[in-house]
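Residue-level structural notes
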2 protein chains.
Amino acid sequence: MNADPHKNDLAFQTVTEIDALLAGGAITSRTVTEHYLQRIATHDRKINSFITVMPNQALAAANASDQRRKAGRAHGPLDGIPIALKDNIDVAGVATTAGIEARRGHIASSDSAVAAKLKAAGAVILGKLNMHEGAHGATTANEAYGYCYNPHREGYTPGGSSGGSGAALAAGLCAAALGTDTLGSIRIPASFCGIAGLKPTHGLVSTRGVVPLAWSLDHVGPMARSVADLALILEVLAGPDTADPFSRSSPKPSAAVFTTPKSLRGVRLGRLRDLDTFAASPLHADIAACYEAALTQLSKLGATIVDVKLAGYQHNQIRPKAMLVIEADLAVYYAKLLEEKPTGFSQIFREGVAFGQQQSAPKLAAAFEAIRSVQPIANVLFAEVDALVTPTTPCPAFSFQQAMPKTLTAFTAIANYVGAPAVSVPMGLTKDNLPMGLQITARPWDDLTALQIAAAYEQAARWAMKPAGF
Amino acid sequence: MNADPHKNDLAFQTVTEIDALLAGGAITSRTVTEHYLQRIATHDRKINSFITVMPNQALAAANASDQRRKAGRAHGPLDGIPIALKDNIDVAGVATTAGIEARRGHIASSDSAVAAKLKAAGAVILGKLNMHEGAHGATTANEAYGYCYNPHREGYTPGGSSGGSGAALAAGLCAAALGTDTLGSIRIPASFCGIAGLKPTHGLVSTRGVVPLAWSLDHVGPMARSVADLALILEVLAGPDTADPFSRSSPKPSAAVFTTPKSLRGVRLGRLRDLDTFAASPLHADIAACYEAALTQLSKLGATIVDVKLAGYQHNQIRPKAMLVIEADLAVYYAKLLEEKPTGFSQIFREGVAFGQQQSAPKLAAAFEAIRSVQPIANVLFAEVDALVTPTTPCPAFSFQQAMPKTLTAFTAIANYVGAPAVSVPMGLTKDNLPMGLQITARPWDDLTALQIAAAYEQAARWAMKPAGF
């Protein structure tokens, strides 16, 4: 327990704010790192967001950062900032479990591309975060490493698969985090935990050294307390990686410095009517209401709101195709480990893989074809508007005693199918105080546009999302 | 038979030359169109390069072009130029057989993206060209529509699958042609027939309205008598198509006007040693010798020649994976037609599809993974050199009595795996007068670089490729 209110505030500061304190000499990276380590020791037993804490490496990195800063050689805004990584992202010398029992103690021999970039930027890696087993699910009900809980409500899911990333941020246990996102796994926990998350454009951030779920749909991205923080971290993570088959050079020049726009004049935003039909289930009433309020807010900021339809897109028809792509890839990736350690996987994970194994090649080819058929639909959308605005999820966080709704990825998966950037930003609390997220999906390579729209909304809305008791 | 030597010359002029004659008023589009139609009537019985000739539509288009030109409103360098299309490319109102008996009389309801672009540019569509059944093979030994023969040698293959496109050009039966290319199907017939062909960057030219072979590897591209012609046609074909899932906006500004560079100073070209090992079969001696001579020529033009290895790339290991991708896609695309008209396909085609049907989803997932693994190898290559120079094929055209060598795509397929542009340009004749092709493979979106290198070589080498008897 930490009684110093200043220090408690520190844990909930944004990266931008902590960087200003570090730069001004008000605190050291060692102080802030120790503070987070202490908070993890105190609070993580309640939410179980970390699989591995790395106190020695983190403190050594913090000391090195402080020395650079003293010498006037700080590497930039992430230097000395404590960041935690989802446990499917390799950090050399540390286990990458991917939340799978059979991978317990599976030490990474080298850094993932993103870990290497964070280290080069001076970031302090605090530890590895809990996640849904193999990223194959969205609740983080992890039987092997323990359930991860939502800091906003006891016994509730933080979402997933990057549930540990969302929970640790919401509980003030790190300044920022990385997650991965195949159908919504960054944005769903961002929405459920009241923080911000970005799934970048496909190919913008290297996935080298990340345990795959579905090669062609996987993304790595930042999760943080503000949209400006997402932009800061994206700047560090982005860029071509010749060793990553999916890495691409951006066709656009990168933005100089991210700024939150004062106005959204000239920006055209798509609004979805009939969200119930789109999600194929009734939308939570508070989410429906806050979505309308958010659109009003965006309109007040100067944006033009346009009704769009996404004609031809049916989440419920494409979702099983995406699941087949995932389960066929899992069958390839885990073939050997499943044979060696069959009991090191949950029954449901093994069933998913077995399903993939039993399907035919043409069925998978047809699944890829169905996923590709979404691209022209998105092209029509993006000819009309600069971004699509939706709720991030059709419901808020739910109790672990409830089954995961199949519609959870109804609004998020389309960005994975077409490689578009999508930001989730808090859009308020339900009547019973659970966070809700607003999602901004922009054209591929327009990550900056998605971030700017989200940042303008965030600044206008000013939601306070700190959970009680942390 | 046509006795006028001027007119016979006309049939072998480049698009650029015919355009100059049209622009100067020396000839009309009607004259040149009639001339090609007459030559088709006379010569095509020997080579069987056309499946459908479109005299009425062609003459109407030629008349319309002549009227535009008279009125000073010609659309550009393709206005009035007679071009023929491979028969897997839709032209509204005309059958698209894809070389398959079961598709005989299958009338296209609308134009493919490329046919629409050619028409909008004023081109005269002469007809539809013979091809390997379903593009699933590289000899154009088409049992349904008749074998297509190489104008350079009786009883020999023109290559394939765009064999009709190569043969028609070599025989002077059209000014330019379109082909499609999944593992080398534009470049192999270009090489075998002594003409030029370009497989553009993946996503640069829309494949909408083209019968698929393997969705993710298919490309459409130009075939012509000169590299400058390829550039002219590419300019018309290129550009984003919101209705095509694979279409992409070029990250580079498009070139103003194509010019053949006088020097290749500053250009770094990769040379492959151990071509025999690479192709997993002994290279034809004349091809090996001419490849060396071509490299000397390129070096004299100022290019720096660098030995490269493509370490880790094994054609023979990836080829079966690509075949699985093809055959799984065929199983999806032809499922219905195979059920309706099983006898409308050759035994070998049905066996290919049956193979695809019998494979498992994880085997296909692993095949995609293997194909993607080529990308980092290409990235290493293109960090060293601006383009890779190889022979287009390990052997020249062969008799239909010989089996198709499995190594035919040894040098071409890599460009399909990584989406890179690749040009085949004539590099001389074997001792017994069969054409050979030189292939230039450049970085994705560097189509202009590939064309410039090929054009510089073409201008320096000045190979005469007209077959006897046409």
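Note that the coordinates shown come from a computational prediction; the quantities given were computed from them, not determined experimentally. (Residues numbered from 1 in each chain as written. Chains lettered and ligands numbered in written order. Predicted model: local features only at pLDDT ≥ 70, side-chain atom pairs only at ≥ 80, totals over all residues. Heavy atoms only, no water.)

Quick look at the side chain of B:Glu327 now. Within the secondary structure layout, B:Glu327 lies in helix H11 (residues 315-333). Here B:Glu327 is buried and forms no salt bridge, its nearest opposite-charge partner B:Arg319 lying at an N-O distance of 7.8 Å. (Helix = DSSP H or I, 4+ residues; strand = E, 2+ residues; numbered from the N terminus. Buried < 20%, exposed > 50% of the residue type's maximum accessible area, 1.4 Å probe, protein only. Lys, Arg positive; Asp, Glu negative; His and termini not counted. Salt bridge = Lys/Arg side-chain N within 4 Å of Asp/Glu carboxyl O.)

Residue and element names in this part refer to chain B. Helix length check: helix H10 (residues 285-300) (16 residues) gives 23 Å between terminal C-alpha atoms against 22 Å at 1.5 Å per residue, within 8%. Every buried residue of H10 is accounted for by Asp286, Ile287, Cys290, Tyr291, Ala294, Leu295 and Leu298. After H10 finishes, the residue Gly302 shows a positive phi value of roughly 110°. (Expected span 1.5 Å × (residues − 1).)

Looking now at the sheet that holds strand S5 (residues 196-199) of chain B. Residues and elements named next belong to chain B. Spatially, S1-S3-S2-S4-S6-S5-S10-S11-S9-S7-S8 is the arrangement adopted by the eleven strands of the open sheet, whose pairing is mixed. Looking along the sheet, the strands with just one partner apiece sit at the ends: strand S1 (50-53) and strand S8 (304-308). Between one strand axis and the next, the sheet turns through 30° on average, direction left out of account. Direction of pairing for S5 relative to strand S6 (residues 219-224): antiparallel, over a ladder of two bridges. Residue pairing for S6: Gly197 is matched across the bridge by Met223. Helix H4 (residues 55-70) contacts S1 and strand S3 (124-129) of the sheet and is inclined by roughly 155° relative to S3. Contacts between helix H15 (residues 374-384) and the sheet are confined to strand S7 (268-272), S8, strand S9 (387-391) and strand S11 (435-442), with S8 contributing the most and set at about 150° to the helix. (Pairing = 2+ DSSP bridges. Axes fitted to C-alpha atoms, helices over the stretch in contact; angles between N-to-C directions. Contact = heavy atoms within 4.5 Å.)

Here we come to the relation of the copies chain A and chain B. Rotating chain A by 180° and translating it 0.0 Å along the rotation axis places it on chain B, where the RMSD comes to 0.0 Å. Given the turn and translation reported, the copies of this chain are related as if by a two-fold rotation axis. (Least-squares fit on C-alpha atoms with pLDDT ≥ 70 in both.)

Okay, the packing of aromatic side chains next. In the structure shown here, the tally under the stated rule is 25 aromatic pairs over all chains. On the numbers, 5.4 Å between centres and 85° between planes, the contact of A:Tyr334 with A:Phe349 is edge-to-face. Residue A:Tyr334 is found in the loop between helix H11 (315-333) and helix H12 (335-340), and its partner A:Phe349 is found in helix H13 (residues 347-358); the two are separated by 15 residues along the sequence. Arranged with centres 6.4 Å apart and planes meeting at 55°, the rings of B:Tyr313 and B:Tyr417 form a pair that is tilted. Residue B:Tyr313 is found in the loop between S8 and H11, and its partner B:Tyr417 is found in helix H16 (residues 413-418); the two are separated by 104 residues along the sequence. Note on accessibility: B:Tyr313 and B:Tyr417 belong to one class, buried. Taken together, the ring pairs in this structure connect A:Trp215, A:Tyr333, A:Tyr334, A:Phe345 and A:Phe349 into an aromatic cluster. Across the ring face of B:Phe470, the terminal group of B:Lys46 is positioned such that the distance to the ring centre comes to 4.3 Å. (Phe/Tyr/Trp six-rings, centres within 6.5 Å; stacked < 30°, edge-to-face > 60°. Lys NZ or Arg CZ within 6 Å of the ring centre and 35° of its normal.)

We now examine the pattern of salt bridges. One pass over the structure, following the stated rule, counts 34 salt bridges over all chains. B:Arg153 is the salt-bridge partner of B:Asp432, the closest N and O atoms lying 3.7 Å from each other. Linking B:Asp432 in the loop between strand S10 (422-429) and S11 with B:Arg153 in the loop between S3 and helix H6 (163-170), this pair joins segments that are 279 residues apart in sequence. Looking at B:Asp432, the relative accessible area reads 41%, which means it is partly exposed. Here B:Arg153 falls in the partly exposed class, since its relative accessible area comes to 24%. Between B:Arg372 and B:Glu369 there is a salt bridge, with its nearest N and O atoms 2.9 Å apart. A residue pair is termed a helical-turn pair when its members lie 3 or 4 positions apart in one helix, as B:Arg372 and B:Glu369 do in helix H14 (residues 361-372) at three residues. Taken together, the salt bridges that share partners define one network made up of A:Arg271, A:Arg273, A:Glu292 and A:Asp307.

Before going further, it helps to spend a moment on the interface of chain A and chain B. Across the boundary between the two partners, chain A contributes 29 residues, which contact 29 residues of chain B. A combined buried area of about 2,200 Å² lies between chain A and chain B, and 71% of that area is made up of carbon and sulfur atoms. The interface formed by chain A and chain B includes zero salt bridges. Summed over the shared surface of chain A and chain B, the result is four residue pairs in polar contact (both at pLDDT 80 or more). Looking at the side of chain A that touches chain B, the elements that each hand over two or more residues are H11, H13, helix H14 (361-372) and helix H15 (374-384) of chain A. (Buried area = accessible area lost by both parts, 1.4 Å probe. Polar contact = N/O pair within 3.5 Å; in protein donor to acceptor, adjacent residues only side chain to side chain.)

What follows covers the side chain of B:Asp181. All names here are of chain B. Here Asp181 lies in strand S4 (residues 176-181). A relative accessible area of 0% places Asp181 in the buried class. There is a polar contact of 2.8 Å between the side chain of Asp181 and the backbone nitrogen of Gly184. A distance of 3.0 Å separates the side chain of Asp181 from the backbone nitrogen of Ile186, its partner in a polar contact. Setting aside anything within four residues of it in sequence, one finds Asp181 in contact with Ile186, Arg187, Lys199, Leu217, Asp218, His219 and Asn416.

Okay, the nonpolar core next. Counting 300 residues, the largest nonpolar core has A:Tyr417 and B:Tyr417 as the members making the most contacts within it. Those residues within four positions of B:Tyr417 in sequence are excluded, and the remaining contacts are B:Leu183, B:Leu217, B:Tyr313, B:Ile318, B:Arg319, B:Ala322, B:Ile371 and B:Val374. (Core = buried A, V, L, I, M, F, W, Y, C linked by side-chain atoms within 4.5 Å.)

With that out of the way, let us pick up the environment of A:Ala456. All names here are of chain A. With respect to the helices, strands and loops of the structure, Ala456 is situated in helix H17 (residues 447-461). Judged by relative accessible area, which is 2%, Ala456 ranks as buried. For the pair Ala456 and Gly155, spaced 301 residues apart in the sequence, the C-alpha separation amounts to 33 Å. Apart from the residues lying within four places of it in its own chain, the contact partners of Ala456 are Thr260, Pro261, Leu264 and Leu301.

Glancing now at the domain arrangement of chain A. Put simply, an interface is often sized by how much accessible area is lost when its parts join up. Residue and element names in this part refer to chain A. Under the domain assignment, chain A is made up of domain 1 (5-237), domain 2 (268-312 + 372-447) and domain 3 (317-370). Using C-alpha coordinates to define each centre, domain 1 is positioned 28 Å away from domain 3. Taken together, the contacts link 17 residues of domain 1 with 18 residues of domain 3. The contact between domain 1 and domain 3 buries some 1,500 Å² in all, and 68% of this surface belongs to carbon and sulfur atoms. Summed over the shared surface of domain 1 and domain 3, the result is zero salt bridges. Inspection of the domain 1/domain 3 interface yields six residue pairs in polar contact (both at pLDDT 80 or more). Broken down by class, the residue content of the side of domain 1 that touches domain 3 amounts to ten nonpolar, four polar and three charged. (Domains from an automatic or database assignment. Nonpolar A, V, L, I, M, F, W, Y, C, P; charged D, E, K, R; others polar.)

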